[in-house]
2 protein chains.
Amino acid sequence: MKSQLEKELAIARGLVEEFLMDDPFPAKVRPAALQEAVRLYPFRGGKRLRPVLALWSCGAAGGEPVRALNAAAAVEIYHNWTLVHDDIIDCDELRRGKPTCHVELRNRGAGELGLDPVRARKFGTDFAILAGDLQQSWALDVMLRSTDRGVSAETTLAMARRMQSFLGRELISGEAMDVEFEYRSGRPSLPELTEMIRGKTGALLAFSAECGAMAALDTPDWNAPDVAALSSFASELGFAFQLLDDLLGVFGDEQTFGKPLFSDFREGKPTLLFLRAMAALPPEEQAELDSMMNRASYSAEDGRRIRCLLEKSGARDALERDAAESSEKALASLARLPENRFRSLLEALAEHLLKRNV
Amino acid sequence: MKSQLEKELAIARGLVEEFLMDDPFPAKVRPAALQEAVRLYPFRGGKRLRPVLALWSCGAAGGEPVRALNAAAAVEIYHNWTLVHDDIIDCDELRRGKPTCHVELRNRGAGELGLDPVRARKFGTDFAILAGDLQQSWALDVMLRSTDRGVSAETTLAMARRMQSFLGRELISGEAMDVEFEYRSGRPSLPELTEMIRGKTGALLAFSAECGAMAALDTPDWNAPDVAALSSFASELGFAFQLLDDLLGVFGDEQTFGKPLFSDFREGKPTLLFLRAMAALPPEEQAELDSMMNRASYSAEDGRRIRCLLEKSGARDALERDAAESSEKALASLARLPENRFRSLLEALAEHLLKRNV
C-alpha cells in the first residue's frame, strides 16, 4: 500500500501546489517585498497534510476531490499565516530548513535597503506581521471562491463561517495559551495543556476534513453525520500523532525520529508526558525530573534517568494508552463512512502517520 | 442641520455599539487577557465613521439601515485590527488618549505576570499580534452573518469576498507601502504617496459605503451603479479629508484643529503638500524646506517660513484645488442617487467633515 499512498499523496499535493502557484490574489500585493513574503511559505513545499485531508475527506464523503480544491488551498494558506506569526512570536530563525519569513525580510532590509541590524530586525518583523495578515485575507478569499467548484453559496458561506468562529478562534486561542504558558510562573495543568494542543494543532486538522466533507455533500451543516465523522477522524488522528511525538522525543530512535531527542526537556517545554509523570511521582523524584529541564545537553545517563522516571511514574504507559485510544477513535469515525477509495487512502494515511514505533 | 446630524450620528453609533457589546464571538476567546484585548479598541468609542457610512449608505440606496448592521459592525472591527497591528509597527503608546493595545498588554504582563520590562514588552507585542489576528476573524465572522439581517447568501458572499480581495489587499498593501517609506532612503514619489493614502485609508471608507449599498440592494454586484456611486462618494470624501488634514496641519488653527501644528514636519513624514512643494521649488528653497523636517520644535518664524514656502511653491493652492475637486466628485457621486433622508444625512456628514476652514 505504501507506494500507492505515496503516489496518491503526490497527486494531491500537485493539485494544491498548482492552485497556489496560479492563484491571482498575491499578484496585486505591493510593495514587491511584501508580495514575495506572502508567497514564501505557501511555495516552500512541506507535507501538505491539511490540504490532502481536505481533498480526501471530500472524496471519502462521496465527492470528486477537486470540489474541495479551493477549501484545500485555503487551509494550506491559513496554516501558513499562523506559522508566519508564530515564528515572529517564538523568535524562530528556521522553518523547513530555510530562514523564517521575518528573517528573510530582515535580510532583505539589511541588504536591499541597507538598514543597520536594529532597523533591519524591526523592518523584518513589521513586514512579516503584514504578510501574515495578508495570507489570512488570501486564505479566506480562496475559500469564498469555492463557488467556482460548484459548491453552493450557502455551503461556501458556512465553510467560511466555521473558518472564523471555530478554526480562527480555537487556533488563535490555542496559540495564545501556548504563549501564556511561557510567560507565567507556574506550569500549565494537564487539562490546560490538552486544550492548548487540541486548539493549536487539532482545530486546523479537524476543519480541513470538515470543509472537505461539507464541499462533497454541499451541506452548510457541519454537524451532518459524515462531516462530523471526518472531523473527528482528523482531530483524533492529530491528537494521537502529538502523543506519539511526545513519546518518540524521549523513547524514540534519533535517526528515524529525525529530530534530536529530549528537545522538549532542553527547551523547558512541558509535554503531556512530562506533566503526567510529575503528577504521579513522589516529591523527590518529581524534583529530579524537574531538574532535567532546561539543560544545555543530555548525557546517556541523563537520558536513561529521564526514561526510567517516565516509565516508573506510569506516564509512558498512560500516554501509549491514550494514543491508542485516539487512534482507535479516529479509525472508528472513519469506519462510519461507506467504503470507497478515498476512505481507504485516509486509513492508509492514518496508519502511515501512526505506525512510527516507540 | 448640525444638531439633527449629531442626533442621527448618535443613533447610528448607538446601534453599532450595542451590536459590538452583545456579539457572542469574543466570549469564547482564551485566555482572559486575549479576550479583553480583542474587545479593547472596539469598546473604546471613537467617531465610528466607517460603520455610520455603511448604515447610511444602506439607507441612501433604499434599504433599512439595520440591514447593513452586520456589515457596519464588521467594518468597525476590521478597522480596529488594523489599528492594533499598526500601533505595534509604529511603536505608538497612545490611541484615543489611552494606552495602545500592546502597551495595555505589556502593563498586564508587568503587573499580573510579574514580568521584567523586556519580557513584558515581548509579551505585550506577542499578544497584541494575536489580538489583531482574532479581530480579523471576528470582523469576517460578523460580516458572514449578514444573512441574519435578511441579506441573501450570494450577496453576503460577495461582500465578504470584497472584504478580502479589495479591502484587505489594498489596505494592507497601503500600510506596507507606508512602512516601506520609513525604511528606504529616498522619499516616496507623489503617485506612490497618493496610492498609499488611497489604499491605507481610502479602501476602508470606500468598502464601508459599498457593502452598505450591496446589503440594501441585495446585489452581489459591486459595480452596480448605486453601489459604485456610494463607494466613490466615500473614497473621494476620504481623500478630500486627508488633503484638508495636510493643509490644516500647517495653515490651520491649533485650537480648532485639535492637534499640534507641523507634526508631520516634526516626525519627518512627507505629506502630499510637502512633496508637491519640493517638486516645484528651486533647489535652494527645496533645501530650506527639507531642513525644516525632523526638528524638535518650531518657532513662530519657522512656521511663517514653512507657510511661505508652501504658498510660494503653489503647493497650497494645488492641494486646495485637489481637495475641492475631490469634494465635488464626492457630492456629485451622491447626487446620482435618488433623494432620500439618508442621502441628505450623508451630504450633511460630508459637509460637516469638509467645512473645517483652512
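Keep in mind that this is a model prediction, so the values were computed, not measured.

Colleague: Requested: an account of the interface of chain A and chain B, with residues and values cited.
Modeller: One frequently used descriptor of interface size is the decrease in accessible area upon assembly of the parts. The partner chain B presents 53 residues to the 53 residues of chain A that form the contact. Carbon and sulfur atoms supply 64% of the area that chain A and chain B bury against each other, a total of about 4,900 Å² over both sides. Sorting the residues of chain A by area buried against chain B places A:Arg30, A:Arg169 and A:Tyr183 first, and these three jointly supply 17% of that buried surface. Between B:Arg30 and A:Glu195 there is a salt bridge, and its shortest N-O distance comes to 2.7 Å. Where chain A touches chain B, the interface holds 25 residue pairs in polar contact (both at pLDDT 80 or more). Counting residues per element, the ones that place at least two in the side of chain A that touches chain B are helix H4 (69-89), helix H6 (117-144) and helix H7 (153-183) of chain A. Here the element with the most residues in the side of chain A that touches chain B is H7(A); it accounts for 20 residues.

Colleague: For the relation of the copies chain A and chain B, give the residues involved together with the corresponding values.
Modeller: For the pair chain A and chain B, the superposition axis carries a translation of 0.0 Å, the fit reaches an RMSD of 0.0 Å, and the rotation angle comes to 180°. Each copy turns onto its partner about a two-fold axis. Of the interface residues in chain A, 100% have counterparts in chain B that sit at the interface too, so the contact is made through matching surfaces.

Colleague: Kindly report on the packing of H7(A) against helix H6 (residues 117-144) of chain B, identifying the contributing residues and their values.
Modeller: One way to put it is that H7(A) packs onto H6(B) with a least axis distance of 9 Å and a crossing angle of 170°. Viewed along their axes, H7(A) and H6(B) adopt a mutual orientation that is roughly antiparallel. Partitioned by chemical class, the residues of the contact of H7(A) with H6(B) number twelve nonpolar, five polar and ten charged.

Colleague: Pulling in residues and values, what's your account of the environment of B:Glu170?
Modeller: Mapped onto the secondary structure, B:Glu170 falls in helix H7 (residues 153-183). In this structure the C-alpha to C-alpha distance between B:Glu170 and B:Met159, which are eleven residues apart in sequence, comes to 15 Å. Look past the residues within four positions of B:Glu170 in its chain and what remains in contact with it is A:Arg30, B:Gly199, B:Lys200 and B:Ala203.

Colleague: I'd like to hear about the state of the cysteines, residue by residue, with values.
Modeller: Simply put, the disulfide is a covalent bond whose two ends are the sulfur atoms of two cysteines. All names here are of chain B. According to the stated counting rule, one finds zero disulfides over all chains in the structure shown. Among the cysteines around Cys101, which has no disulfide bond, Cys91 carries the closest sulfur, lying 14 Å off. Not part of a disulfide, Cys211 finds its nearest cysteine sulfur in Cys58, a span of 9.3 Å.

Colleague: Talk me through empty space enclosed by the protein; I want residue IDs and the actual numbers.
Modeller: Tallied over the entire structure, the rule returns three cavities of 30 Å³ or more. Taken as a whole, the largest cavity encloses approximately 60 Å³ of empty space. Forming the boundary of the largest cavity are A:Asp246, A:Gly249, A:Val250, A:Asp264, A:Phe265, A:Lys269, A:Pro270, A:Thr271, A:Phe274 and A:Met293. Contributions of two or more residues to the lining of the largest cavity are made by helix H9 (225-251) and helix H11 (263-266) of chain A. Split by residue class, the lining of the largest cavity holds five nonpolar, two polar and three charged. Taken as a whole, the second largest cavity spans an internal volume of roughly 40 Å³. Lining of the second largest cavity is provided by A:Leu130, A:Asp133, B:Trp81, B:Thr82, B:His85, B:Asp86, B:Leu171, B:Ile172 and B:Glu175.

Colleague: Explain the nonpolar core to me, using residue names and the numbers behind them.
Modeller: A general trend in soluble globular proteins is that nonpolar side chains are found buried together. The biggest cluster of nonpolar side chains holds 255 residues, and the ones touching the most others in it are A:Trp56, A:Phe265, B:Trp56 and B:Phe265. The contacts of B:Phe265, once residues within four sequence positions are left out, are B:Val250, B:Phe274, B:Leu289, B:Met292, B:Met293, B:Asn294, B:Arg295, B:Tyr298 and B:Ile306.

Colleague: Please give an account of the side chain of B:His79 that cites residues and values.
Modeller: All names here are of chain B. Mapped onto the fold, His79 is located in helix H4 (residues 69-90). Only 3.3 Å separates the side chain of His79 from the side chain of Arg50, close enough to count as a polar contact. Look past the residues within four positions of His79 in its chain and what remains in contact with it is Arg50 and Leu204.

Colleague: An account of a negative patch on the surface is needed here, citing residue identities and associated values.
Modeller: The grouping of A:Asp90, A:Asp92, A:Glu182 and A:Glu267 at the surface amounts to a negative patch. Among the structural elements, A:Asp90 can be located in the loop between H4 and strand S1 (94-95).

Colleague: Which residues make up the pattern of salt bridges, and what values do they have?
Modeller: Side-chain pairing between opposite charges can occur once the charged atoms of the two side chains come close. If you walk through the whole model with that rule in mind, you get 66 salt bridges over all chains. Of the charged contacts, one joins A:Glu170 and B:Arg30 as a salt bridge, the two residues approaching to 3.0 Å between their closest N and O atoms. Of the two residues, A:Glu170 sits in helix H7 while B:Arg30 sits in the loop between helix H1 (2-22) and helix H2 (32-40), which places them in two different chains. In this structure, the salt-bridge partner of A:Glu288 is A:Arg305, at a minimum N-O distance of 2.6 Å. Of this pair, A:Glu288 sits in helix H13 (residues 283-291) while A:Arg305 sits in helix H14 (residues 300-312); the two residues are 17 residues apart in sequence, bridging distant segments of the chain. Of the residues examined, A:Arg305 reaches a relative accessible area of 24% and is grouped as partly exposed.

Calculation criteria
Residues numbered from 1 in each chain as written. Chains lettered and ligands numbered in written order. Predicted model: local features only at pLDDT ≥ 70, side-chain atom pairs only at ≥ 80, totals over all residues. Heavy atoms only, no water. Contact = heavy atoms within 4.5 Å. Buried area = accessible area lost by both parts, 1.4 Å probe. Salt bridge = Lys/Arg side-chain N within 4 Å of Asp/Glu carboxyl O. Polar contact = N/O pair within 3.5 Å; in protein donor to acceptor, adjacent residues only side chain to side chain. Helix = DSSP H or I, 4+ residues; strand = E, 2+ residues; numbered from the N terminus. Least-squares fit on C-alpha atoms with pLDDT ≥ 70 in both. Axes fitted to C-alpha atoms, helices over the stretch in contact; angles between N-to-C directions. Parallel < 35°, antiparallel > 145°, perpendicular 65-115°, else oblique. Nonpolar A, V, L, I, M, F, W, Y, C, P; charged D, E, K, R; others polar. Disulfide = S-S within 2.5 Å. 1 Å grid on protein atoms, 1.4 Å probe; cavity = no way out; pocket = protein on both sides within 12 Å on 5 of 7 lines; lining within 4 Å. Points joined across faces, edges and corners; volume = space filled by probe spheres on them. Core = buried A, V, L, I, M, F, W, Y, C linked by side-chain atoms within 4.5 Å. Buried < 20%, exposed > 50% of the residue type's maximum accessible area, 1.4 Å probe, protein only. Patch = residues over 30% accessible without salt bridge, like charges linked within 9 Å, V, L, I, M, F, W, Y side chains within 5 Å. Areas by Shrake-Rupley, 256 points an atom, 1.4 Å probe, with all protein chains shown as cover. Lys, Arg positive; Asp, Glu negative; His and termini not counted. Charge placed at Lys NZ, Arg CZ, Asp CG, Glu CD.

None of the figures reported here should be taken as evidence of function without further support.
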